[in-house]
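Chain residues, written in single-letter form:
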Amino acid sequence: MATKKKVKFKTKRTKSKLIAFLFLSFFILLTAAALVVYGGYLYYTRDLPDFRAITGYKPKLITEVYSSDGILIAEFAAERRKLIAYENIPPQVIEAFIAIEDRRFFEHEGVDIKSIVGAMFENIQEGDWVRGASTITQQVIKNIILTPERTMSRKIKEAILAHRIENNLSKEEILYLYLNHIYLADGNYGIEAASRAYFGKPAREMTVAEAALLAGLPKKPEYYSPRKHLNRAIERQRLVLSKMEDAGFITRDERFDAVDQEIKILPRQRINNDLAPYFVEHVRRYLQDKVGVKDFINGGYTVFTTLDIELNLEAQWALRRGILDIEARHGRKVVS
């Protein structure tokens, strides 16, 4: 009997030692993993740009030149962009971009793990890169602070900065940056400039159909450009409208109404050469000398000139009549 008790006692001690060993091993592995994560965090944050620079957002803007009676006669821009205040952005525009770009925008803190996992499985199933998982916050980081390169190192930095920005800016401030900075094809940046260029109206007047069309562009701006590839843009727009319905932003009837709406895209305007090209060139040189090349390129000026459109057109026509008369007297025909 004594031998049996001794064996039983040894068995208990062996189990206790095994449990202690497993617990210690788990603790060591957990500590090692934490140290690796912390080391990686220190490594990737050692040369991060100061995200606070984003609060002093000063993008390149359009410089507009007007005649004495308030007619726009010229635009100069390195990036064709006009800022719009957040409170002037209509709900349907915000909802369209959120529906297609980042449906859980108001729920995550910069990085959406749920969307990353979902995108990973979807891409594996399709055998191709059919869906990304960058949040709107990450896109702000990519477009304003970091470079657009696709490397693991940059993606990690992007995620760290996105989390920091979410802790320092409101969701509304992030949307303001995103919707004013995003490239929307054909040289247009931000929803205000794009709305005026494509639809001839300010962004606050866009319909659901027009908002959905713009929201479809960021994925591949030139590929879906409504001026170059309207059919592709419309196809993408219908996907956005479907996503808006799925998210509960619009009803089924509203989606069908938007699908039925005819989208008219304005031709690209070349106003600098339309009314007073020589005067406009004089203004450009004067302004560049006055403010300097760098400030001129960055734009954002509104210039009011003394030009009278009607008198200028009369002067142009008088000059042309004079040339025609001289050429006629010499027996030469002038092609109009």
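Further up the page is the structure itself.
Presented here is a report on the structure given in the accompanying data block. (Residues numbered from 1 in each chain as written. Predicted model: local features only at pLDDT ≥ 70, side-chain atom pairs only at ≥ 80, totals over all residues. Heavy atoms only, no water.)

### Brief notes about the packing of aromatic side chains
Point 1. All told, the structure shown has 8 aromatic pairs when counted by the stated rule.
Point 2. A centroid spacing of 5.5 Å and a plane angle of 50° characterise the contact between F76 and F296, whose relative ring orientation is tilted. Within this pair, whereas F76 is found in strand β2 (residues 72-76), its partner F296 is found in helix α12 (residues 293-298), the two being separated by 220 residues in sequence.
Point 3. A residue is classified by how much of its surface remains accessible, and F76, at 11% relative accessible area, is buried.
Point 4. Taking the ring centre of Y223 as reference, the NZ or CZ of K220 above it sits at 5.3 Å. (Phe/Tyr/Trp six-rings, centres within 6.5 Å; stacked < 30°, edge-to-face > 60°. Helix = DSSP H or I, 4+ residues; strand = E, 2+ residues; numbered from the N terminus. Buried < 20%, exposed > 50% of the residue type's maximum accessible area, 1.4 Å probe, protein only. Lys NZ or Arg CZ within 6 Å of the ring centre and 35° of its normal.)

### A look at the packing of helix α4 (residues 136-145) against helix α6 (residues 171-181)
Point 1. Interaxial distance between α4 and α6 falls to 10 Å at its minimum, and their mutual angle equals 55°. Viewed along their axes, α4 and α6 adopt a mutual orientation that is oblique. Between α4 and α6 lies a crossing whose hand is left-handed. Counted together, I136, T137, Q139, V140, N143 and I144 of α4 and I174, L175, L177, Y178 and H181 of α6 form the full contact between these two elements.
Point 2. Grouping the amino acids of the contact of α4 with α6 by side-chain chemistry returns 7 nonpolar, 4 polar and no charged. (Axes fitted to C-alpha atoms, helices over the stretch in contact; angles between N-to-C directions. Parallel < 35°, antiparallel > 145°, perpendicular 65-115°, else oblique. Left-handed = near helix turned anticlockwise from the far one by under 90°. Contact = heavy atoms within 4.5 Å. Nonpolar A, V, L, I, M, F, W, Y, C, P; charged D, E, K, R; others polar.)

### Regarding the nonpolar core
Point 1. Grouped together as the largest cluster of nonpolar side chains are 49 residues, with contacts concentrated most on F97, I191, L214 and M244.
Point 2. Broken down by secondary-structure element, the contributors of at least two residues to this core are α2 (91-101), α4, α5 (152-166), α6, α7 (190-199), α8 (208-215) and α9 (230-246).
Point 3. Counting residues per element, this core draws most heavily on α2, which supplies 7 residues.
Point 4. Setting aside residues no more than four positions away along its own chain, F97 makes contact with D102, Y178, L179, L184, I191, L214, A215 and P218. (Core = buried A, V, L, I, M, F, W, Y, C linked by side-chain atoms within 4.5 Å.)

### Details of the pairing of strand β1 (residues 63-66)
Point 1. Side-chain alternation along β1 places T63 and V65 on one buried face and E64 and Y66 on a second face that is also buried.
Point 2. Taken together, the 4 bridges between β1 and β2 define a ladder with antiparallel strand orientation. Bridge pairing in β2 links V65 to A74.
Point 3. Turn length for the β1-β2 hairpin, with the two strands adjacent in sequence and antiparallel, is 5 residues, and the turn residue G70 shows positive phi of about 85°.
Point 4. Looking at chain direction, β1 and strand β5 (residues 302-304) are connected through 3 bridges and run parallel. (Pairing = 2+ DSSP bridges.)

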